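Understanding the architecture of this molecule
Each chain, letter by letter, is given below.
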Amino acid sequence: MNKEPLTKDSAREGRKGTPQVSKWLFYLALLPAIWGVCAWQGWAWWSWASAPPKIAETSTSPGEDAAVSIQIPEGTPSQKIGRDLEAAGLIRSAGAWNMWARWLTMQNREGGFQAGTYQLSPTQPLSAVAEKIWNGEVAQQSFTIPEGWSMQQMSAYFEAQGFFPAKDFMAVASQVPYAQYPWLPSGLPHLEGFLYPDTYQLDGDAISPEAVIKQMLDRFEQLALPIYQKNQKNTKLDLKEWVTLASIVEKEAVVASERNRIAGVFTSRLNKGMKLGSDPTVEYALGIRQTKEKPLTFKQVETPSPYNTYINVGLPPTPIASPGIASLEATLTPENTEYLYFMARYDGTHIFSRTQAEHDAAIAKVDQQLRSTP
């Protein structure tokens, strides 16, 4: 094979080419390192941006970790939601929120960010906040109605809780929804007694007199009505009379062991055509509440009212409160007793008597104890 002679020009070209190749190899070797640094910086930023704005374990100020209420109006774009969350201190970066929103969309998940009022904590990571709003886990408001409360007490409670004005509740409770609840007794002037006492939860945006009353009537229909329907053949009381008598038992009975006996006393008096003589019916009629220090006066007991069972024979026109299951059941299964009277000791218990003379003696005994108590 013939070899061409190496000229000076060709030698120079060879010397020039070697450093050029080395430079490119250096850059190629450096590129992964640059990518690694960028990736690390990106991950470091994302870790910071998606982390909770506050760490619960290191919070020092009282209330610092408390949930924040935020409202998302209907039709709010996800970018606007991110800016609002950042401004409220619930996420660290609206930019990170937008990236996460795109990621959720790319997953082809059903639904989307939903309007509503949310209770969100600054100790939650961005992903948890997004998940809550995507799933529409709106804030829940709970309320508790104790057994024996009247509509008037309920209305005052709702107003004190900031739900709505008392008068709005009373107005709606005076409209009997027969179309939705045809089992309600005819001729009711209001829903007293049929608003079931219990603990309830509603979406924060759904708090209204209508929503509250619907839940309470639904609960009565689910829990109380079946009890009456099951025992209807064993009682002379119709549905309204049953709830009315149970409401009086609820107001009178404090100690659970006396509940069926008190129901038995009132049942016996009804069967004998006697006046019930129940203090709570007078209190309901006058809109007052007696106490140990300020019991009912003779004038109050003698005040005419359809609800005054010291004046009128039989049951009052409507229930006087919302009875619970125990009082409703006791009214259907009253104790078979000879007692016709009972006197409160003001400690939750009662003295039961068979005759008026025994009852008068019980009254005198309680009065003497009260006078001798400092």
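Residues numbered from 1 in each chain as written. Predicted model: local features only at pLDDT ≥ 70, side-chain atom pairs only at ≥ 80, totals over all residues. Heavy atoms only, no water.

1. Some points on the overall build of the protein
For the protein, the count of helices and strands is 13 helices and 6 strands. Within the protein, contacts between residues at least 6 apart in sequence are counted, and of these 61% link residues at least 24 apart. A total accessible area of about 21,600 Å² is found for the protein, and carbon and sulfur atoms account for 54% of it. (Helix = DSSP H or I, 4+ residues; strand = E, 2+ residues; numbered from the N terminus. Contact = heavy atoms within 4.5 Å. Areas by Shrake-Rupley, 256 points an atom, 1.4 Å probe, with all protein chains shown as cover.)

2. Examining helix α8 (residues 239-252)
Given 3.6 residues per turn, any residue in an α-helix points the same way as the ones three and four places further on. For α8, with 14 residues, the first-to-last C-alpha span of 20 Å sits near the 20 Å given by 1.5 Å per residue. Among the 14 residues of α8, 11 are classified as buried, and the element is accordingly described as predominantly covered. Within α8, the full set of buried residues consists of L239, W242, V243, T244, L245, A246, S247, I248, V249, E250 and E252. On its buried face, α8 sits against α7 (209-231), α9 (259-272), α10 (279-286), α12 (325-332), β5 (341-344) and β6 (350-353). N-capping of α8 is provided by D238, with a side-chain oxygen placed 3.2 Å from the backbone N of K240. (Expected span 1.5 Å × (residues − 1). Buried < 20%, exposed > 50% of the residue type's maximum accessible area, 1.4 Å probe, protein only. Polar contact = N/O pair within 3.5 Å; in protein donor to acceptor, adjacent residues only side chain to side chain.)

3. Some remarks on the nonpolar core
Judged by nonpolar contacts, the single largest core of 56 residues is most densely connected at F143, F158, F169 and W242. At the level of secondary structure, the elements contributing two or more residues to this core comprise α5 (151-160), α6 (166-173), β4 (199-203), α7, α8, α9 and α12. Among all residues touching F143, those that are not within four sequence positions of it are Y157, F158, F163, D198, T199, Y200, L202, V212, Q215 and M216. (Core = buried A, V, L, I, M, F, W, Y, C linked by side-chain atoms within 4.5 Å.)

4. Quick notes on the pairing of β5
As defined by bridge partners, β5 adjoins β6 across 4 bridges and the pair is classed as antiparallel. Looking across to β6, one finds that A344 is bridged to H350. With antiparallel pairing between neighbouring strands as the criterion, β5 and β6 make up a hairpin whose turn holds 5 residues, including Y346 at a positive phi of roughly 70°. (Pairing = 2+ DSSP bridges.)

5. Some details on the pattern of salt bridges
Inspection of every chain in the model, using the stated rule, returns 7 salt bridges. The partner of K80 in a salt bridge is D84, and the shortest N-O contact between them spans 2.8 Å. Of this pair, K80 and D84 both sit in helix α2 (residues 78-87), 4 residues apart, which is roughly one turn of the helix. Of the residues examined, D84 reaches a relative accessible area of 26% and is grouped as partly exposed. A salt bridge links E338 to R354, with the shortest nitrogen-to-oxygen separation between them at 3.3 Å. A residue pair is termed long-range when its members are at least 10 positions apart, and E338 in the loop between α12 and β5 and R354 in the loop between β6 and α13 (356-372) qualify at 16 residues. (Salt bridge = Lys/Arg side-chain N within 4 Å of Asp/Glu carboxyl O.)

6. Concerning the packing of aromatic side chains
The geometry of an aromatic ring pair is captured by two quantities: the separation of the ring centres and the angle between the planes. As enumerated under the stated definition, the model contains 20 aromatic pairs in all. Here the aromatic rings of W149 and Y157 are separated by 5.5 Å at their centres, their planes lie at 65°, and the arrangement is edge-to-face. You can call Y157 buried: its relative accessible area is 17%. An aromatic cluster of three or more residues is present, and its members are F143, W149, Y157, F158, F163, F164, F169 and Y200. Above the face of the F352 ring, R261 is positioned so that its terminal group lies 5.4 Å from the ring centre. (Phe/Tyr/Trp six-rings, centres within 6.5 Å; stacked < 30°, edge-to-face > 60°. Lys NZ or Arg CZ within 6 Å of the ring centre and 35° of its normal.)

7. Re the confidence of the model for the protein
Per-residue confidence for the protein gives a mean pLDDT of 87, with 86% of residues at or over 70. Every residue in residues 59-64 scores below 50 in pLDDT, and together they form 4 contacts with partners more than four places removed in sequence or on other chains. (pLDDT = per-residue confidence, 0-100.)

8. Re the side chain of H190
Locating H190 in the fold gives a position in the loop between α6 and β4. For H190, the side chain forms a polar contact with the main-chain nitrogen of E192, separated by 3.3 Å. Residue contacts for H190: discarding those within four places in its chain leaves M151, A173, S174, V176, Y284, Y307 and T318.

9. Regarding the packing of α7 against α8
The description of two packed helices rests on the angle between their axes and on the distance between the axes. Between α7 and α8, the shortest axis-to-axis distance is 11 Å and the interhelical angle comes to 105°. With respect to their mutual orientation, α7 and α8 come out roughly perpendicular. Listed contacts from α8 to F220, A224, L225, I227 and Y228 of α7 are L239, W242 and V243. Looking at the contact of α7 with α8 residue by residue, the class counts come to 8 nonpolar, no polar and no charged. (Axes fitted to C-alpha atoms, helices over the stretch in contact; angles between N-to-C directions. Parallel < 35°, antiparallel > 145°, perpendicular 65-115°, else oblique. Nonpolar A, V, L, I, M, F, W, Y, C, P; charged D, E, K, R; others polar.)

10. A short note on a nonpolar patch on the surface
Taken together, the side chains of W45, W48 and M99 present a nonpolar region at the surface, about 320 Å² in accessible area. Locating W45 in the fold gives a position in helix α1 (residues 8-50). Residue class for W45 comes out partly exposed when judged on its relative accessible area of 35%. (Patch = residues over 30% accessible without salt bridge, like charges linked within 9 Å, V, L, I, M, F, W, Y side chains within 5 Å.)

11. Remarks on unusual backbone geometry
The backbone of Y346 shows a phi angle near 70°, a positive value even though the residue is not glycine. Mapped onto the elements, Y346 comes out in the loop between β5 and β6. Classification of Y346 by relative accessible area gives partly exposed; the value is 32%.

12. So, the packing of α6 against α7
Viewed as axis vectors pointing N to C, α6 and α7 meet at an angle of 50°, and their least axial separation amounts to 9 Å. In terms of orientation, α6 lies oblique with respect to α7. Our pair here, α6 against α7, has a crossing hand that is right-handed. Of α7, the residues touching α6 (which contributes D168, F169, V172 and A173) are P209, E210, V212 and I213. Class assignment for the residues of the contact of α6 with α7 results in 6 nonpolar, no polar and 2 charged. (Left-handed = near helix turned anticlockwise from the far one by under 90°.)

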